[in-house]
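If you want the building blocks of each chain, they are given just below.
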Amino acid sequence: MESARVIARLTRIVGDVDTAEELAQDAFATALEKWRGEGVPANPAAWLHKTAHFLAVDRVRRRDTQRSKYREVAAREPAAVELDLDADLADDLLGLIFMVCHPILAPDARSALILKLVCGLSTDEVARAFLAPETTVAQRIVRAKKTLSAAGIRFELPPENERPARLDAVREVVYLLFNEGHTATSGDQLVRHDLAAEALRLGRMLAALAPRDPETLGLLALMELQASRLAARTAADGSAVLLMDQDRSRWDQLLIRRGLALLDQVDALGGNAGAYALQAAIAACHARARTPEETDWQRITALYDGLAQISPSPVVDLNRAVATAQAFGPEAGLAIVRQLQELASMRSYHLLPAVAGDLLCRSGDHVAAREEFFRAASLTRNNQERSTLQGRAADCAAGHA
């Protein structure tokens with residue numbers, strides 16, 4: 001949970017992402033060693049930050065000191081220290097994101113590096129998020145670190161006149177962070193509330209830095225509205241609850257009001273809606289529907305059509321297929337899904353067979369639907385999603401019988 005902030009603070013001290021990652025690992029290793037014998041300190045986050053700080057200072061002062069010396073320095077630090085982790089607007093984590101979003105890096109390199117540093121994903125998990133080979137993503141991450149180091153890019157929140165050039169990349173990174181919190185790539189939890197909350201905090205800080213930027217406000221509106229449903233996304237046992245089956249009384253009305261108010265601000269600023277604002281408008285359709293039956297699926301389909309025009313991607317088309325099926329029947333949605341099944345980049349994306357299975361089930365082809373759900377279950381790395389998909393396959397088998 002503290003990894004991203006520790007790396008961010010270390011990067012500010014040592015000025016190099018690669019070194020910061022190495023020192024963070026040293027701090028975590030020291031914690032594992034000491035806490036096993038002495039117990040977890042009263043403030044473990046502060047202990048980690050303080051230990052990492054001393055390791056960084058030691059590295060700066062004595063570049064050639066052995067790692068055993070770092071452990072001796074860390075071992076002398078008190079278990080509990082006072083440390084303000086939310087000191088000011090120019091938060092270390094936001095500073096790290098702006099640094100990595102420097103125009104010197106290609107967009108895919110920026111996003112891959114942030115997923116690894118901030119979201120804590122493994123290289124394999126980052127590759128799955130990009131629908132790309134693991135070796136390609138690994139090389140991308142290594143090159144990105146070397147590029148930042150060689151160019152001497154400083155760890156800082158850029159001056160106001162330089163921020164617009166990086167805003168697109170920063171927004172993308174914050175939303176990647178939120179999405180990993182919304183649906184974890186792997187593990188036993190469907191939702192990682194810590195990452196979703198961190199993304200929301202960063203989104204609000206970003207909106208404070210750019211209060212008249214429609215897309216920044218649109219991004220924050222989107223996250224507020226999607227976050228409003230997080231509590232209802234899982235059952236008591238941690239299993240996934242699909243949108244149409246959620247208990248809407250558990251939706252956070254304060255977050256919904258915040259999201260809708262932000263959309264009003266976007267409208268007041270005028271101009272054409274961007275990709276985030278359009279996605280927020282889609283989320284607003286769900287937020288305004290008191291029951292699943294009241295959902296305006298035709299408006300959602302039209303909004304997805306517009307999103308596909310300004311931000312085309314197979315994932316957008318997959319969501320468009322879901323909305324089209326709800327508005328005009330499963331066969332209409334399947335027509336879009338069949339086109340996506342021809343794309344090589346989508347063959348390892350588990351949500352494609354999951355959507356295909358749902359639409360086939362609704363059209364009455366339970367045998368084919370069961371096969372698609374099993375395929376989707378085999379592709380996901382998230383255990384809760386896998387259980388849900390296997391359950392859907394069993395339901396299809398029962399429906400066929």
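Since we're looking at a predicted model, the values are computed, not measured.

**Considerations on the overall build of the protein chain**
Looking only at helices and strands, the protein chain has 19 helices and two strands in total. Taken over C-alpha atoms, the radius of gyration comes to 23 Å for the protein chain, in line with the 21 Å a tight globule of 401 residues would show. Each of the three principal axes of the protein chain carries a C-alpha extent, and together these read 70 × 50 × 40 Å. The buried share of the protein chain, taken over its 401 residues, is 49%. Looking at the protein chain as shown, the accessible area adds up to about 18700 Å², and 50% of this sits on carbon and sulfur atoms.

**Topic: helix α14 (residues 297-310)**
Between its first and last C-alpha atoms α14 spans 20 Å; for 14 residues at 1.5 Å apiece the expected length is 20 Å, and the two agree. Within α14, burial applies to Trp297, Ile300, Thr301, Leu303, Tyr304, Leu307 and Ala308. Within α14, the buried residues cover an arc of 165° as seen down the axis, which keeps them to one side. α14 presents Gln298 and Gln309 as exposed residues on the side facing more than 90 degrees away from its buried surface.

**Digging into the nonpolar core**
Most often, soluble globular proteins have nonpolar side chains that are buried together. Counting 84 residues, the largest nonpolar core has Leu10, Ile97, Val118, Leu202 and Met223 as its most contacted members. Here the element with the most residues in this core is helix α10 (residues 193-209); it accounts for nine residues. Leaving out residues up to four positions away in the same chain, Ile97 has contacts with Ile114, Val118, Val170, Val173 and Leu202. Among the nonpolar cores identified, the runner-up in size contains 22 residues, and Val337, Tyr349, Ala354 and Leu360 belong to it.

**Description of the side chain of Glu372**
Along the polypeptide, Glu372 turns up in helix α18 (residues 366-379). For Glu372, which is buried and forms no salt bridge, the nearest opposite charge comes from Arg375, at a distance of 5.1 Å. Once residues lying within four places of it in the same chain are set aside, the contact partners of Glu372 are Gln341, Pro353, Ala356, Gly357 and Leu360.

**Section: the confidence of the model for the protein chain**
Scored by pLDDT, the protein chain comes out at a mean of 85, with 90% of its residues at no less than 70. Within the model, pLDDT remains below 50 along residues 78-90, and this stretch shows 24 contacts once partners closer than five positions in the same chain are excluded.

**Thoughts on the pattern of salt bridges**
Under the criterion given, the structure shown has 15 salt bridges. Linking Glu331 and Arg338 is a salt bridge whose minimum nitrogen-to-oxygen distance equals 4.0 Å.

**Notes on the packing of helix α9 (residues 164-182) against helix α11 (residues 214-227)**
At a minimum axis distance of 10 Å, the contact between α9 and α11 shows a crossing angle of 5°. By the angle class used here, α9 and α11 are roughly parallel. Counted together, Leu167, Arg171, Val174, Tyr175, Phe178 and His182 of α9 and Glu215, Thr216, Leu219, Leu222, Met223, Gln226 and Ala227 of α11 form the full contact between these two elements. Looking at the contact of α9 with α11 residue by residue, the class counts come to eight nonpolar, three polar and two charged.

**Focus: α18**
An ideal rise of 1.5 Å per residue puts 20 Å on 14 residues; α18 measures up with 20 Å between its terminal C-alpha atoms. Where α18 is concerned, the buried positions are His366, Ala369, Glu372, Phe373, Ala376, Ala377 and Leu379. Take α18 and look down its axis: the buried residues cluster within an arc of 160°, on one side only. The outward face of α18, more than 90 degrees from its buried face, is lined by the exposed residues Glu371 and Ser378.

Calculation criteria
Starting afresh in each chain, residues are numbered from 1 along the sequence in its written order. The model is predicted, so local features are restricted to residues of pLDDT at least 70 and side-chain atom pairs to those at 80 or more, both for listing and for counting; the totals for chains, interfaces and linings are taken over all residues. Calculated side-chain values reflect all of the structure's heavy atoms, with hydrogen atoms and water omitted. Helix and strand definitions follow DSSP, with helices as H or I runs of at least four residues and strands as E runs of at least two, each counted in order from the N terminus. Between the two quantities, the radius of gyration covers C-alpha atoms and the globule rule is 2.2 Å times the number of residues to the power 0.38. Only protein chains enter the accessibility calculation, which uses a 1.4 Å probe; a residue whose area is less than 20% of its type maximum is buried, one above 50% is exposed, and one in between is partly exposed. A 1.4 Å probe and the Shrake-Rupley method give the accessible areas. Residues count as covered only by the protein chains that appear here. Helices are assigned an expected span. That span is 1.5 Å times one less than the residue count. Each C-beta atom gives one direction from the helix axis, and the arc is the one those directions make. Joining through side-chain atoms within 4.5 Å is the link that ties buried Ala, Val, Leu, Ile, Met, Phe, Trp, Tyr and Cys residues into a set, and such a set is a nonpolar core. By the convention used here, residues are in contact when the closest approach between their heavy atoms is within 4.5 Å. His is not counted, nor are the chain ends, whereas Lys and Arg count as positive and Asp and Glu as negative. What makes a salt bridge here is a side-chain nitrogen of Lys or Arg within 4 Å of a carboxyl oxygen of Asp or Glu, nothing more. The predictor reports its confidence for every residue as pLDDT, a score running from 0 up to 100. Note on geometry: axes are C-alpha line fits, over the in-contact stretch for helices, and angles between N-to-C directions span 0 to 180 degrees. Any angle from 65 to 115 degrees is called roughly perpendicular, while one under 35 is roughly parallel, one over 145 is roughly antiparallel, and all others are oblique. Each residue receives one of three labels: charged for Asp, Glu, Lys and Arg, nonpolar for Ala, Val, Leu, Ile, Met, Phe, Trp, Tyr, Cys and Pro, and polar for the others, Gly being one of them.

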